Amino acid sequence: LKMDDGQNAYSGGPHELEARSGEATDWDAWISHKATEDNSWFSIAYGNGKFVAVARSGTDRGMTSVDGEVWEAHAAAENNTWNAVTYGNGKFVALAISGTNRVMTSVDGEVWESYAASENNGWASITYGNGKFVAVAYNGTNRVMTSVDGEVWEAYAAAENEDWYSVTYGDG
């Protein structure tokens, strides 16, 4: 679940995205909005005035919206299993759990470029904070990777050799 300016909440599902407008503390009034493609939508991020979603399967595995209601489909850089997306440093960065190049970046969420991850792990989550992208994986040897630009990545061993599924940044 992601919040934009505190007025709208968005959540992804296999066939649609849902939006609810109103008070951020009132979570009982949801409105369903159909996605442009019948994909397995898995992650969503907000940045630069728009929402960007990525999918694990389907034809066009990227989707953008300026209001969370009307969506436009876009081709991903590669037909990978895209699992996570975030916004930071002026661009969207998405990660995949499979494929050759498991990282893709875009300044607008519409045109994507692919890059190699530091390792071919199942990258589960990504965040941006304090000038760095940080990603975690649920398999592989080094299950953490960082990047300042989203294009060149450096791998690190996690504190424990566990399955890591989520990472976030918390103001310092």
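That block above? That's the structure.
Residues numbered from 1 in each chain as written. Predicted model: local features only at pLDDT ≥ 70, side-chain atom pairs only at ≥ 80, totals over all residues. Heavy atoms only, no water.

Draft legend 1. Region of interest: the sheet that holds strand S12 (residues 113-115). Pairing is antiparallel in the open sheet, where four strands are placed in the order S9-S10-S11-S12. Each having just a single partner strand, strand S9 (82-88) and S12 make up the two edges of the open sheet. Adjacent strand axes in the sheet meet at a mean angle of 25 degrees, parallel and antiparallel pairs treated alike. Here strand S11 (residues 103-106) runs beside S12; their pairing, made up of three bridges, is antiparallel. Each bridged residue has a counterpart across the sheet, and for valine 103 the counterpart in S12 is tyrosine 115. (Pairing = 2+ DSSP bridges. Helix = DSSP H or I, 4+ residues; strand = E, 2+ residues; numbered from the N terminus. Axes fitted to C-alpha atoms, helices over the stretch in contact; angles between N-to-C directions.)

Draft legend 2. Expanded view of the pairing of strand S6 (residues 50-55). Across the six residues that make up S6, a large majority, six, are buried. The two faces of S6 match: Lys50, Val52 and Val54 on one face and Phe51, Ala53 and Ala55 on the other face are all buried. Looking at chain direction, strand S5 (residues 41-47) and S6 are connected through six bridges and run antiparallel. Pairing of glycine 47 across the sheet is with lysine 50, part of S6. Hairpin connection from S5 to S6: two residues lie between these consecutive antiparallel strands, with asparagine 48 at a positive phi of about 55 degrees. As consecutive antiparallel partners, S6 and strand S7 (residues 62-65) are separated by six residues, and within that stretch glycine 58 has a phi angle of approximately 115 degrees, a positive value. (Buried < 20%, exposed > 50% of the residue type's maximum accessible area, 1.4 Å probe, protein only.)

Any functional reading would require information that these geometric values do not contain.
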